[in-house]
Amino acid sequence: MNAESQYFCGKYFAINKNYTSAFYLFSLAENQKNASAQFYLGRCYLQKRGCEFNKTKAYSLIYQATINNDSDALVFLQEKVRSNNTEALFTLGRYYSYLSRDMIMAFYYFDQATNFGHQESAVLLQKLFEQERRPYFYLEAALRKKQFGLNELIKMANKEKNADAQEQKEKQDELNK
């Protein structure tokens, strides 16, 4: 049976509340990278349907579904974000950081998850700041967050300017040797 057939059979069993069979079929389809099965298997883990509750595995599968362009997974995450679900915030941060390359949205979601104590988001947020060494990134991020004052923005921009000047000086010193 191919992945699509396994997915639809799994959905049939889920609708009829036979969650053990649904979980099994979603697992088979997920092994073949079926995006819809990844999403529904993730939901099974969240709702203890045919398996034990496992939030980490659930959101990992839902993230994989977003990678594979499952629009239901993205909508699901956006709905969970409304209730400040830290795993959903983190997962959307990963999505925007790695897939859509919208670093401002990645900053926003990682920052929100960090505010709720999500440690991995804090690490990725720091990496994002280190990678995006552009003053306008800080400005746009600050405008989204609406927490930084003008003085903090000027300090950040000057710090970046000084770091760039130091880097240029070091390169020039290397060339002069």
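A. Structural view of the overall build of the protein. Within the protein one finds 10 helices and zero strands. Traced from its N-terminal end to its C-terminal end, the protein shows the element sequence α-α-α-α-α-α-α-α-α-α. The burial tally for the protein puts 40% of its 177 residues in the buried class. Put simply, 42% of the contacts in the protein that link residues at least 6 apart link residues at least 24 apart. For the protein, the computed accessible surface area is about 10,700 Å², with 48% contributed by carbon and sulfur atoms.

B. Region of interest: a nonpolar patch on the surface. There is a patch of nonpolar side chains on the surface, built from Ile67, Tyr98 and Leu99 and spanning about 250 Å² of accessible area. Assignment of secondary structure puts tyrosine 98 in helix H6 (residues 86-99).

C. Just the pattern of salt bridges, in detail. A full pass over the atoms with the stated rule returns one salt bridge. Across the salt bridge formed by lysine 169 and aspartate 173, the nearest N and O atoms sit 3.4 Å from each other. Of this pair, lysine 169 and aspartate 173 both sit in helix H10 (residues 150-176), four residues apart, roughly one helical turn. For lysine 169, a relative accessible area of 48% translates into the label partly exposed. Looking at aspartate 173, the relative accessible area reads 35%, which means it is partly exposed.

D. Main features of the packing of helix H4 (residues 55-67) against helix H5 (residues 71-81). At their nearest, the axes of H4 and H5 sit 8 Å apart, and the two run at 130° to each other. If you check the angle between H4 and H5, you find them oblique. The segment H4 lies against H5, with Tyr59, Ile62, Ala65 and Thr66 engaging Ala73, Leu74, Phe76, Leu77 and Lys80. When the residues that make up the contact of H4 with H5 are grouped by side-chain class, the tally is seven nonpolar, one polar and one charged.

E. Broad picture of the side chain of glutamate 30. Looking at where glutamate 30 falls in the secondary structure, it is placed in helix H2 (residues 19-31). When sequence neighbours within four positions are dropped, the list of residues in contact with glutamate 30 reads Ala37, Gln38, Leu41 and Leu61.

F. Local environment of the packing of aromatic side chains. Here the structure, examined in full by the defined rule, presents 12 aromatic pairs. Pairing tyrosine 7 with tyrosine 40 gives two aromatic rings, centres 5.9 Å apart and planes at 45°, and the pair type is tilted. In this pair, tyrosine 7 is assigned in helix H1 (residues 3-15) and tyrosine 40 in helix H3 (residues 35-47), connecting sequence segments 33 residues apart. A relative accessible area of 7% places tyrosine 7 in the buried class. Summarising the aromatic geometry, the rings of phenylalanine 39 and tyrosine 40 are spaced 5.1 Å apart at their centres and angled 70° between planes, so their arrangement reads as edge-to-face. According to the relative accessible area criterion, phenylalanine 39 is buried, its value standing at 3%. Its end group placed over the ring of tyrosine 63, arginine 94 keeps NZ or CZ at 3.7 Å from the ring centre.

G. Quick peek at the side chain of serine 97. Within the element layout of this structure, serine 97 appears in helix H6. In this structure serine 97 comes out as buried when scored by relative accessible area, which is 7%. Those residues in contact with serine 97 that lie beyond four places of it in its chain are Met103, Ala106 and Phe110.

H. Region of the structure containing the environment of glutamine 6. Looking at the element boundaries, glutamine 6 is found in helix H1. Residue classification places glutamine 6 among the buried positions, given a relative accessible area of 7%. Expressed as a C-alpha distance, the spacing of glutamine 6 and leucine 25, which sit 19 residues apart in the sequence, is 5.3 Å. With sequence-adjacent residues up to four places away left out, glutamine 6 is seen in contact with Met1, Leu25, Leu28, Ala29 and Gln32.

Cut-off values and rules
- Residues numbered from 1 in each chain as written.
- Predicted model: local features only at pLDDT ≥ 70, side-chain atom pairs only at ≥ 80, totals over all residues.
- Heavy atoms only, no water.
- Helix = DSSP H or I, 4+ residues; strand = E, 2+ residues; numbered from the N terminus.
- Buried < 20%, exposed > 50% of the residue type's maximum accessible area, 1.4 Å probe, protein only.
- Contact = heavy atoms within 4.5 Å.
- Areas by Shrake-Rupley, 256 points an atom, 1.4 Å probe, with all protein chains shown as cover.
- Patch = residues over 30% accessible without salt bridge, like charges linked within 9 Å, V, L, I, M, F, W, Y side chains within 5 Å.
- Salt bridge = Lys/Arg side-chain N within 4 Å of Asp/Glu carboxyl O.
- Axes fitted to C-alpha atoms, helices over the stretch in contact; angles between N-to-C directions.
- Parallel < 35°, antiparallel > 145°, perpendicular 65-115°, else oblique.
- Nonpolar A, V, L, I, M, F, W, Y, C, P; charged D, E, K, R; others polar.
- Phe/Tyr/Trp six-rings, centres within 6.5 Å; stacked < 30°, edge-to-face > 60°.
- Lys NZ or Arg CZ within 6 Å of the ring centre and 35° of its normal.

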